[in-house]
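Architecture and fold: a report
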Amino acid sequence: MKRRVLLGVIGVGAVSSGVLGDPYERGTENSLVERFDCREASRPTCGFESGDVERTDDGAGTVDGTGTEPYPDPPTTFDAKEVVEFVREHERAYARNDALCSRARPERIVGYSIEFDDVRRFDWYDEIHVVRVRYAETPNSVDEGVEPWATTDGYGGAVYAVDVTAAVRTGLSLGPSGSVPSETEMPDPVSTGTLVDCFR
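Since the structure is predicted, the reported quantities are computational estimates derived from the model, not experimental observations. Just so you know, the residues in each chain are numbered from 1, in the order the chain's sequence is written. Restriction of local features to residues with pLDDT of at least 70 applies here, the model being predicted, together with a cutoff of 80 or more for giving and counting side-chain atom pairs; totals for whole chains, interfaces and linings are based on all residues. Water and hydrogen atoms were dropped before computing side-chain values, which therefore reflect all heavy atoms in the structure.

**Regarding the side chain of Asp-163**
In this fold, Asp-163 is placed in the loop between strand S7 (154–162) and strand S8 (166–171). What qualifies as a polar contact is a pair of N or O atoms within 3.5 Å, subject to a donor-acceptor requirement within protein and to the restriction that residues adjacent in sequence count only when both atoms come from side chains. Here Leu-32 takes part through its backbone nitrogen, which lies 2.8 Å from a polar atom of the side chain of Asp-163. From its side chain, Asp-163 meets the backbone nitrogen of Ala-166 in a polar contact 3.1 Å long. In this structure, Asp-163 is in contact with Ser-31, Leu-32, Phe-78, Glu-127, Ile-128 and Phe-199, ignoring residues within four places of it in sequence. Under the scheme used here, helices are H or I runs from DSSP no shorter than 4 residues and strands are E runs no shorter than 2 residues, and both carry numbers assigned from the N terminus. Two residues qualify as a contact provided that any one of their heavy atoms is within 4.5 Å of a heavy atom in the partner residue.

**Examining the environment of Lys-81**
With respect to the helices and strands, Lys-81 occurs in helix H2 (residues 80–101). Throughout, exposure labels follow a simple rule: accessible area from a 1.4 Å probe, protein chains only, divided by the maximum for the residue type, with under 20% read as buried, over 50% as exposed, and the rest as partly exposed. The exposure class assigned to Lys-81 is exposed, which follows from its relative accessible area of 70%. Lys-81 sits 40 residues away from Arg-121 along the chain, and the two C-alpha atoms are 9.3 Å apart.

**Some thoughts on H2**
In this analysis, the expected span of each helix is defined as 1.5 Å times one less than the number of residues it contains. The terminal C-alpha atoms of H2, which comprises 22 residues, lie 31 Å apart, in line with the 32 Å expected from a rise of 1.5 Å per residue. Counting buried residues in H2 gives 16 out of 22 residues, a clear majority hidden from the surface.

**Let's talk about the state of the cysteines**
The disulfide definition used here is simple: a pair of cysteine sulfur atoms within 2.5 Å. All told, the structure shown has 1 disulfide when counted by the stated rule. Note on cysteine connectivity: Cys-38 is disulfide-linked to Cys-198, with sulfurs 2.0 Å apart. When the S-S torsion is -95°, as for the bridge of Cys-38 with Cys-198, the disulfide is left-handed. Pair noted here: Cys-38 is in the loop between helix H1 (32–35) and strand S2 (52–55) and Cys-198 is in strand S9 (residues 194–198), with a separation of 160 residues, a long-range link. We classify Cys-198 as partly exposed; its relative accessible area is 21%.

The structure is reproduced here in structure tokens:
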């Protein structure tokens, strides 16, 4: 069955799977918590104290210090606007923590910024929101005896599925110059994603 059409741009600014059944089968659309095992929820985290986070209205965020960023609380109403904001905040923390926790010398990262420039929601399911994000990220690094410098890692992206029970994420492969794939070429996080959070 074909996917539903694009609902629209919600904000433009600045894998393992545990899925059961056909993700496009209507009428028997299971919740995410029924499709995935909450015991397998996973997202980057490591034992550093949280840093001070400064955010701007255009979606940019800067972290001072070497601390990880806390993940956001679940949405409360699960309407489209709130879910999109949750995805932005979750991916900001996910990307920041992944950059820190995957480094052999995380103490060399003294700052981090991320700027979203493509955030879209897709109406593929009746009860599950699908949200795509793309962003540029810039860690600020320092070596002993050297002034801090900023290195732009380039563009990153992800696609989330979110309903009232859970959130699932899959990475997004970008094309040249960070171009995003078309809707028909996008991965479906319901069928290819990894569970990152259970809400109940």
